[in-house]
Amino acid sequence: AADAALYPMYQRAVDFPQGDLSRLAQVLRKAQAGEEITIGFLGGSITEGRGAANVQDCYVSQVYKWWYEAFPFAKINVINAGVGGTSSYLGVHRVQKDVLDKNPDLVVVEFAVNDQDTDLHKQAYENLVRKLLDADSKPAVLLLFTSRVNGENCQDAQAQIGEYYHLPMVSYANVMNDMLRHGIYTAGQLSGDGVHPSALGSAVIGELLARYMDGIFQKEAGSIQAGTRPSVYMTSREYEHAGILSCRELDINHMGTFRKVNKSRYFPGNLESSSGSGGLEFTVACKNLGFLYVRQKDGSGGQFDVYVDGSRVSEINADNYGAHNNQPGTVSCFFSEKKSRHTVRIVKKKGSAGDELILYGVLVS
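In this report, we go over the structure that sits alongside the text.

What counts and how
- Residues numbered from 1 in each chain as written.
- Predicted model: local features only at pLDDT ≥ 70, side-chain atom pairs only at ≥ 80, totals over all residues.
- Heavy atoms only, no water.
- Buried < 20%, exposed > 50% of the residue type's maximum accessible area, 1.4 Å probe, protein only.
- Helix = DSSP H or I, 4+ residues; strand = E, 2+ residues; numbered from the N terminus.
- Pairing = 2+ DSSP bridges.
- Axes fitted to C-alpha atoms, helices over the stretch in contact; angles between N-to-C directions.
- Contact = heavy atoms within 4.5 Å.
- Phe/Tyr/Trp six-rings, centres within 6.5 Å; stacked < 30°, edge-to-face > 60°.
- Lys NZ or Arg CZ within 6 Å of the ring centre and 35° of its normal.

Okay, the pairing of strand β4 (residues 140-145) next. Most of β4 sits inside the fold, with 6 of its 6 residues counted as buried. By the alternation rule, side chains of β4 split into A140, L142 and L144 and V141, L143 and F145, which are all buried. Two strands pair when backbone bridges link them, and strand β3 (residues 106-110) and β4 are joined in this way by 4 bridges, in the parallel orientation. Along β4, the bridge assignment pairs V109 with L143.

Below, the structure is given as structure tokens:
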């Protein structure tokens, strides 16, 4: 059913400049030759598979199935680096460990739902793209644009960056909007909660990506020429060397009311303050600083002030009362012109609604 409805609308999914297809074509030829390839998927909860009935229904599984069936003699490895509730700001900090250290041949990037049209996310998204393109394994990079059923997404800003770097792009957002407008499917059929694609929505995404890759595979190898990547950043190079420090790696001066815990399977080695004033103090060398923490659904999350070298620079708000799940939260706190050592202190805010703060890690660049 998804296939029949999708056929006349496929062109809307690829309604972008064609871009440089040489790296993607090279991966396809490598698989055709029966070699081993690794495909990474980096994104939020849609990539993680939330909304699909089971893991076989998520779009990552749909895409793997196409590769497996198209190239039965190749060994196809898949990295699902989707983490629910996260944006490209966290993505650029975790991409090295979660994806690039595994030497991928192809990386699909999906952050159009979780990103916002802000300078922070534009900078993070571009730096993420460049980190992928500059990686030792020289992976092909394919941008996937998803959307909420109400049409909210960050496709336009991300497509500008994709066009600037001549990247292949596929838009589920365009096709979904057309399907809803023409009454082919209802919002409830494509998504159970308005955000995450259902099994049907995931099947549509999988079919779009499969058709796109199949179209490239059918081209004559000689007709696909490599383009020239721009050397100048479209935004800035703020996150060129971004990474995550686990709380185990911090040079801690004072623990205050924080204690060492393990609360996350994605980000081990955490710190938690569940009562008292906080008062964590540590020293870190960085140019820019942010935090990865837990947004609490039960009302226990508090508000904590962040001080750098004695000056208040930002606030961590761990309260996400009423949400369906606890989610990773990120906040960018501090920017400077050059890398140097800074003393950081985290103190519970006067009048905080809750008492708890769980730190997953520190974002540095």
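Past the structure itself, the notes keep going.
This part covers the sheet that holds strand β1 (residues 37-43). Spatially, β2-β1-β3-β4-β5 is the arrangement adopted by the 5 strands of the open sheet, whose pairing is parallel. In this open sheet, the two edge strands, each paired with only one partner strand, are β2 (76-82) and β5 (169-171). Within this sheet the neighbouring strands show an average axis-to-axis angle of 15°, counted without direction. Relative to β3, β1 is paired through 5 bridges, and the arrangement is parallel. Residue F41 lies in a different strand from β3, and its bridge partner there is V108. Helix-sheet contacts for helix α3 (residues 22-32) involve β1, β3 and β4, and the interaxial angle to β4 is about 110°. Across the sheet, helix α11 (residues 199-218) touches β3, β4 and β5, and the angle it forms with β5 is around 150°.

Taken as a whole, this structure holds 13 aromatic pairs when the rule is applied. When the centroid spacing of 5.5 Å and the interplanar angle of 45° are considered together, the rings of W67 and F71 count as tilted. An aromatic cluster is built from W66, W67, F71 and F217, whose rings are joined through pairwise contacts. It is R130 that lies over the ring of Y233; its NZ or CZ is 4.0 Å from the centre.

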